[in-house]
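Observations on the three-dimensional arrangement
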Amino acid sequence: MDDMQNKSEEYWKEKLTPKQYKVMRLSATEPPFTGEYYATFDNGVYKCAGCGETLFSSDTKYDAGCGWPSFWNAIGDGKLELKDDNSFGMHRIEVLCSKCGGHLGHLFDDGPGDKGGKRYCINSTSLNFEKK
Ligand SMILES: [Zn+2]
């Protein structure tokens, strides 16, 4: 089995663009309203830019007005790994791809109330959109 969790930094530097490497491996955040997908509402699926795993569907994407792609849920169970993140003097929940460990974004509790109240705030850089 291809173990995506134990790839070397060299592997990722080669596979990812410098921008993707910064976000996915060094947990950087792209500036708001600059990413490729924050205003994309076509039908399709969003795949992990690191390993190609399907993570989100356009069915759960919504406009949170924050400048990053926002979803109220992942496409299935077990796709995402959540981790406590206390960087920058705040407590946030980091969202990672459970297959390759790539940083995707953060999870907040200000999502749409009728959908469970979650907002997965994800960097466009970490995703590849595949239109249906
Ligand atoms: Zn991945």
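Residues numbered from 1 in each chain as written. Predicted model: local features only at pLDDT ≥ 70, side-chain atom pairs only at ≥ 80, totals over all residues. Heavy atoms only, no water.

Quick notes on unusual backbone geometry
The line we're drawing: Remark: exposure states derive from per-residue accessible area (1.4 Å probe, protein chains only) relative to the maximum for the residue type, with buried under 20%, exposed over 50%, and partly exposed in between.
Of note in the backbone geometry, Phe33 takes a positive phi value of approximately 60° without being a glycine. Exposure remark for Phe33: the relative accessible area of 48% places this residue in the partly exposed category. Backbone geometry at Phe88 places phi at a positive 60°, although glycine is not the residue there.

Topic: the UniProt feature "domain: MsrB" (unreviewed entry) in the protein
Here is the rule: UniProt positions are given in the numbering used here, feature names are shortened, and annotations may be inferred rather than shown by experiment. Under the DSSP-based scheme used, a helix requires at least four consecutive residues in state H or I and a strand at least two consecutive residues in state E, with every element numbered from the N terminus.
UniProt feature "domain: MsrB" (unreviewed entry): in the numbering of this structure it lies at residues 9-132. End C-alpha to end C-alpha, residues 9-132 measures 33 Å, and it is 11% helix and 32% strand.

Topic: the coordination of the zinc ion
Quick reminder of the rule: Shown as donors are all N, O and S atoms within 2.8 Å of a metal ion, widened to 3.2 Å for Na, K and Ca; because water is not in the atom set, sites may appear incomplete. The geometry test gives tetrahedral to four donors whose angles all lie between 85 and 135 degrees, gives square planar to four donors and octahedral to six donors whose opposite members are over 155 degrees apart with all other angles between 65 and 115, and gives irregular to the rest.
Around the zinc ion, the protein contributes the donor atoms Cys48 (SG), Cys51 (SG), Cys97 (SG) and Cys100 (SG), at 2.2 to 2.4 Å from the metal centre. Each of the 4 donor atoms around the zinc ion contributes to a set of angles spanning 104 to 114°, which defines the coordination as tetrahedral. In terms of primary sequence, the donors binding the zinc ion are separated according to C-x2-C-x45-C-x2-C. The pair Cys97 / Cys100 is uniform in exposure class, with both members buried.

Quick word on empty space enclosed by the protein
We count it as follows: The pocket and cavity definitions rest on a 1 Å grid over protein atoms only: a 1.4 Å probe that fits but cannot leave marks a cavity, an open set with protein on both sides within 12 Å along at least five of seven lines marks a pocket, and residues lining either have an atom within 4 Å of a point. Grid points are joined across faces, edges and corners, and a volume is the space filled by probe spheres set on the points. Nonpolar residues are Ala, Val, Leu, Ile, Met, Phe, Trp, Tyr, Cys and Pro. Charged residues are Asp, Glu, Lys and Arg, and all others, Gly as well, are polar.
This model, assessed by the stated rule, comprises 1 cavity of 30 Å³ or more. Taken as a whole, the largest cavity spans an internal volume of roughly 30 Å³. Tyr38, Lys61, Tyr62, Asp63, Ala64, Gly65, Cys66, Gly67, Trp68, Pro69 and Ser70 together form the lining of the largest cavity. Here the lining of the largest cavity is built from residues that sort into 6 nonpolar, 3 polar and 2 charged.

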